[in-house]
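Chain by chain, the residues run as shown.
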Amino acid sequence: MTATLTRVDVTPAASVKRRRRAPGWLAVLPLLVFVAVAFGVPALAMLNGAFTVKNQATGATSYTTANLTDSLQGAYLTALLGSVKLSAVSALIATVLGLLLAQAVVTSRFRALREAVLTASGVLANFGGVPLAFAFVATLGNSGVLTRHLGLADQGWSLYSFWGLVIVYLYFLIPLMVLTITPALDGLRSQWREAARNNGATNVQYWRHVGLPVLLPSLLGGFVLLFGSAFAAYATAAAMVGSSVPLVTLQIADAISGNVLVGQENVALALSLDMVLIAGLVMAVYLPLQRRSARWLA
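Computed from a prediction, not measured in an experiment: that's the story for all the values here.

On a plain count of helices and strands, the protein chain comes out with 12 helices and two strands. In the protein chain, the order of α-helices and β-strands from amino to carboxyl end is α-β-β-α-α-α-α-α-α-α-α-α-α-α. Looking at the protein chain residue by residue over its 298 residues, the buried ones come to 33%. For the protein chain, long-range pairs separated by at least 24 residues make up 69% of all intrachain contacts whose partners lie at least 6 apart in sequence. Entry remark: accessible area of the protein chain is about 17600 Å², with carbon and sulfur atoms responsible for 67%.

Below, the structure written as structure tokens:
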């Protein structure tokens, strides 16, 4: 009798629990469907095309790794390495400058300044593409306002170069770093600084032994985020430098449009797969760093 009562009491409770859990899964289902359609289908198409070669004479297709091999040779490899170099240099400079700017804002006594800088950073971090390229061409191009007034052309300055593109990328990478690192700077506890001062530590020693070690996961995570943003940028570079600076995104556009060679669309898909793999490695580094930083600054 006791066993029967136990089953009668437990079974309805389990049934109610299952009924409560079912609507939660149903609520997530539209999101899962959207992700599968918007990201899964293009990813599968890219993966299929990257390993597919079409015979131009017969129209027959076959699976091979020739596209991936081609994407890691010659001009394609140069463009891939160029994008990695540009992204790494831009992200490193933006990480340092963004940290300094964010620290100045966090320690400022003027709340209006903090709000103004964060608001401007939110706008500038999303300002890119052709408008950004046009703004810099009008300002620092061969006939730009500052170029003519400061005589930069006589000193060998050229906006349409690697370092010119770095300066343009910093325009939206530094604000992005400010937005990324500001919460981490806010998480530094004042008790840590007071304890360091009570033990005779200078401001430099505090940052060397306390502040920077605590911020290191957030700094590395911010660097990775900036690297990914610069690595995926296309419109700004395409409008400003064209093919003068080898970048993988520009090579993909040329391969798809057939500007250099006809029938290289699948090589473009292989280059896209290379970018996805690099982005995956970047995210594999970024996520653990974010979790570690959250534990320190909680």
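Right, let's get into the pattern of salt bridges. Considering all chains together, one arrives at two salt bridges under this definition. Ionic pairing is found between aspartate 186 and arginine 114, a salt bridge with its closest N-O pair at 2.7 Å. Within this pair, whereas aspartate 186 is found in helix H7 (residues 162-186), its partner arginine 114 is found in helix H4 (residues 111-124), the two being separated by 72 residues in sequence. Of the residues examined, arginine 114 reaches a relative accessible area of 22% and is grouped as partly exposed.

The next subject is the packing of helix H3 (residues 74-106) against H7. Running from N to C, H3 and H7 point in directions that differ by 45 degrees, and their axes come no closer than 6 Å. In terms of orientation, H3 and H7 fall into the oblique class. As for how H3 packs across H7, the hand of that crossing is right-handed. Grouping the constituent residues of the contact of H3 with H7 by class yields 22 nonpolar, five polar and two charged.

Any region with low pLDDT has predicted coordinates that should not be read closely. With 85% of its residues at a pLDDT of 70 or more, the protein chain has an overall mean of 82. Mean pLDDT across the elements of the protein chain ranges from a minimum in helix H1 (residues 2-50), with 69, to a maximum in H3, with 92. This stretch, residues 1-10, has a pLDDT under 50; its non-local contacts, to residues over four places away or in other chains, come to one contact.

Another point: the UniProt feature "transmembrane region" (unreviewed entry) in the protein chain. In the numbering used here, UniProt assigns the feature "transmembrane region" (unreviewed entry) to residues 25-45, 86-106, 118-140, 160-185, 206-234 and 267-289. Helix makes up 100% of residues 86-106 and strand 0%, whereas the separation of the span's terminal C-alpha atoms amounts to 29 Å. Secondary structure within residues 118-140 divides into 78% helix and 0% strand; the distance between the first and last C-alpha atoms comes to 26 Å.

Residues Leu165, Tyr169, Ile181, Leu185 and Leu247 are the most contacted members of the largest nonpolar core, which totals 59 residues. Elements represented by at least two residues in this core include exactly H3, helix H5 (130-140), H7, helix H9 (203-232), helix H10 (235-240), helix H11 (248-257) and helix H12 (265-297). For this core, the element with the most residues is H7, which contributes 15 residues. When residues no more than four places from it in sequence are discounted, the contact partners of leucine 185 are Leu99, Ala102, Gln103, Val106, Trp207 and Leu215. Among the nonpolar cores identified, the runner-up in size contains five residues, and Met46, Ala50, Leu68 and Ala270 belong to it.

Criteria and thresholds
- Residues numbered from 1 in each chain as written.
- Predicted model: local features only at pLDDT ≥ 70, side-chain atom pairs only at ≥ 80, totals over all residues.
- Heavy atoms only, no water.
- Helix = DSSP H or I, 4+ residues; strand = E, 2+ residues; numbered from the N terminus.
- Buried < 20%, exposed > 50% of the residue type's maximum accessible area, 1.4 Å probe, protein only.
- Contact = heavy atoms within 4.5 Å.
- Areas by Shrake-Rupley, 256 points an atom, 1.4 Å probe, with all protein chains shown as cover.
- Salt bridge = Lys/Arg side-chain N within 4 Å of Asp/Glu carboxyl O.
- Axes fitted to C-alpha atoms, helices over the stretch in contact; angles between N-to-C directions.
- Parallel < 35°, antiparallel > 145°, perpendicular 65-115°, else oblique.
- Left-handed = near helix turned anticlockwise from the far one by under 90°.
- Nonpolar A, V, L, I, M, F, W, Y, C, P; charged D, E, K, R; others polar.
- pLDDT = per-residue confidence, 0-100.
- UniProt positions renumbered as here; feature names shortened; annotations may be inferred.
- Core = buried A, V, L, I, M, F, W, Y, C linked by side-chain atoms within 4.5 Å.

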